[in-house]
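Analysis of the macromolecular model
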Amino acid sequence: MAAMTGQIITAFLVAAGLGAVVGTERQLRASDGGDITAGVRTFALYGLWGAAAGFAGDEWGGAGFAVALAAFAALIVASYWLSSQATGDWGTTTEAAALVVFGAGTLVWADHVVAAVAVAVGVAALLRLKGWFHRAVEKFSQDDLSAALQFGVITAVVLPLVPDEDIGPFDAINLRQIWLMVVFVSAIGLAGYVALRLMGTRGLGPTGLIGGLVSSTAVTLGFSKMSKEQPPLRTALVAGVLGASGLMYARVLVEAYVVAPSVGRVVLVPLVLLFLAVEGIAVWYWRRPIDDDHVGTGFEVKNPLTLTSALQFGALYGVIIFISKALLETTNEASLNIVGAVSGINDVDAITLSTANLVRDGLDPNLGARVIIIAATVNTVVKGGMALVLGSRRMGRAVMTVLGAAAIAGLVVWFFI
């Protein structure tokens, strides 16, 4: 009995403490000039009430919990009505927070303490970031909301309906894989735009770098298209493309090492040097402040995401995949270097993993390294070509200069392995 009493008291104290966390934020808001009617003590009681409701439910069933909940809801409604009449503020933020704190108290009673802590701290953080959210929303427009909804359509509505099977000559077309790449490229473009709105041009470099963890080709396509529509963003977009492209070398090295360390050791030095060189130039472009001056003089930033652009990219990506798979089917697969070069047209991860598997099964590590290097080199040239053809003239030249030099270095490495 004593142990049970101790558990009850502990649960009530934790629930009250979590309520106090949210109440502290509300009271500080009031001290900053806000019109808040409930503070630390009131919210601590709200949390305690939630735990008590859980206790009532255990003791007297659903009816006990329902009575406690109804009484709490009546209190909140009455408090809201009286305070709104007095202050003229009809917002419901504090009342909604009170209901969440009640729920957190109930979670504590149900022994979901971690979830309750996460909820209470999350609510307090959300309330505290009111000003930041307001400033962030003011930077977007109705068109931006439409673009975000379009992204939701191509992701949540269209993607589940696309069949996941190989079709067409050479079984070269998989609509699900193509649409997944459409989703990713759209996400990169949208993420870059959001970063641009919130952080200025400084946000594009990190966006490209993060996107490069999945597909540097997608980053190159998305940012190249943006560079034509937003020429003043050239240096920031170049930084994003180079950041993603440099990360490709690190990604390939990790994949090779994980599957077959022997081939990873062969490509270690050249891939690390290429990574450092390309990323170093990316950082140099990212630190250049030139474009910010142009953006600040009447420059209009446009959202790059439309269904039309997504469909256009899907068609282009499908053509590239078809050509590369058709070449693979008609090429003598005994010539691994040719296969590696052809595979590098649209993907370097697949050929890296498959070649590393062959090395693990007995293939000469040097031959495997040559295949991986040629694939990465071809992929580098393709991305430079994409930037040159699809991007603005100045961005294309900048990207192609760096990636072209990296590709030449890759060919030299391939020749001497």
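Remember, predicted model here, so these are calculated numbers, not experimental data.

Comments concerning the side chain of Ser 216
- Here Ser 216 is to be found in helix α9 (residues 216–229).
- A relative accessible area of 2% places Ser 216 in the buried class.
- Here the side chain of Ser 216 touches Lys 383 through a polar contact of 2.8 Å, side chain to side chain.

Structural notes on the nonpolar core
- Formed by 42 residues in total, the largest nonpolar core has its most connected members in Val 238, Leu 242, Tyr 249, Val 263, Leu 271, Met 395 and Val 399.
- Of all the secondary-structure elements, those providing two or more residues to this core are α9, α10 (234–259), α11 (261–287), α15 (349–360), α16 (365–390) and α17 (393–416).
- With twelve residues, α10 is the single largest residue contributor to this core.
- Core analysis: the second largest hydrophobic core is formed by 23 residues, Phe 43, Ala 51, Ile 76 and Leu 127 among them.

Details of the packing of α9 against α10
- Contact pair α9 / α10: the axes reach a minimum separation of 9 Å and the direction vectors enclose 170°. Taken together, the axes of α9 and α10 are roughly antiparallel relative to one another. Packed against α9, whose contacting residues are Ser 216, Val 219, Thr 220, Phe 223, Met 226 and Ser 227, the element α10 presents Leu 237, Gly 240, Val 241, Ala 244, Ser 245, Met 248 and Arg 251 at the interface.

Quick look at a negative patch on the surface
- A cluster of acidic residues, Asp 164, Glu 165, Asp 166 and Asp 171, forms a negative patch at the surface.
- Mapped onto the elements of the fold, Glu 165 is located in the loop between α6 (142–158) and β1 (166–167).

Focus on the packing of helix α2 (residues 40–87) against helix α3 (residues 93–109)
- Contact pair α2 / α3: the axes reach a minimum separation of 9 Å and the direction vectors enclose 165°. Between α2 and α3, the interaxial angle falls into the category roughly antiparallel. Where α2 crosses over α3, the two elements pack in a sense that is right-handed.
- Split into classes, the residues belonging to the contact of α2 with α3 amount to 17 nonpolar, seven polar and two charged.

Some points on the packing of aromatic side chains
- Within the structure shown, the criterion is met by ten aromatic pairs.
- With a centroid separation of 5.0 Å and an interplanar angle of 75°, the aromatic rings of Trp 284 and Tyr 285 are classed as edge-to-face.
- Given a relative accessible area of 11%, Tyr 285 falls into the buried group.
- An aromatic cluster is defined as three or more aromatic residues linked by ring pairs; in this entry it consists of Phe 43, Tyr 46, Trp 49, Phe 65, Phe 72 and Phe 102.
- The ring of Trp 414 is capped by Arg 370, whose NZ or CZ atom sits 4.3 Å from the centre of that ring.

Reading the values: the criteria
- Residues numbered from 1 in each chain as written.
- Predicted model: local features only at pLDDT ≥ 70, side-chain atom pairs only at ≥ 80, totals over all residues.
- Heavy atoms only, no water.
- Helix = DSSP H or I, 4+ residues; strand = E, 2+ residues; numbered from the N terminus.
- Buried < 20%, exposed > 50% of the residue type's maximum accessible area, 1.4 Å probe, protein only.
- Polar contact = N/O pair within 3.5 Å; in protein donor to acceptor, adjacent residues only side chain to side chain.
- Core = buried A, V, L, I, M, F, W, Y, C linked by side-chain atoms within 4.5 Å.
- Axes fitted to C-alpha atoms, helices over the stretch in contact; angles between N-to-C directions.
- Parallel < 35°, antiparallel > 145°, perpendicular 65-115°, else oblique.
- Contact = heavy atoms within 4.5 Å.
- Patch = residues over 30% accessible without salt bridge, like charges linked within 9 Å, V, L, I, M, F, W, Y side chains within 5 Å.
- Areas by Shrake-Rupley, 256 points an atom, 1.4 Å probe, with all protein chains shown as cover.
- Salt bridge = Lys/Arg side-chain N within 4 Å of Asp/Glu carboxyl O.
- Lys, Arg positive; Asp, Glu negative; His and termini not counted.
- Charge placed at Lys NZ, Arg CZ, Asp CG, Glu CD.
- Left-handed = near helix turned anticlockwise from the far one by under 90°.
- Nonpolar A, V, L, I, M, F, W, Y, C, P; charged D, E, K, R; others polar.
- Phe/Tyr/Trp six-rings, centres within 6.5 Å; stacked < 30°, edge-to-face > 60°.
- Lys NZ or Arg CZ within 6 Å of the ring centre and 35° of its normal.

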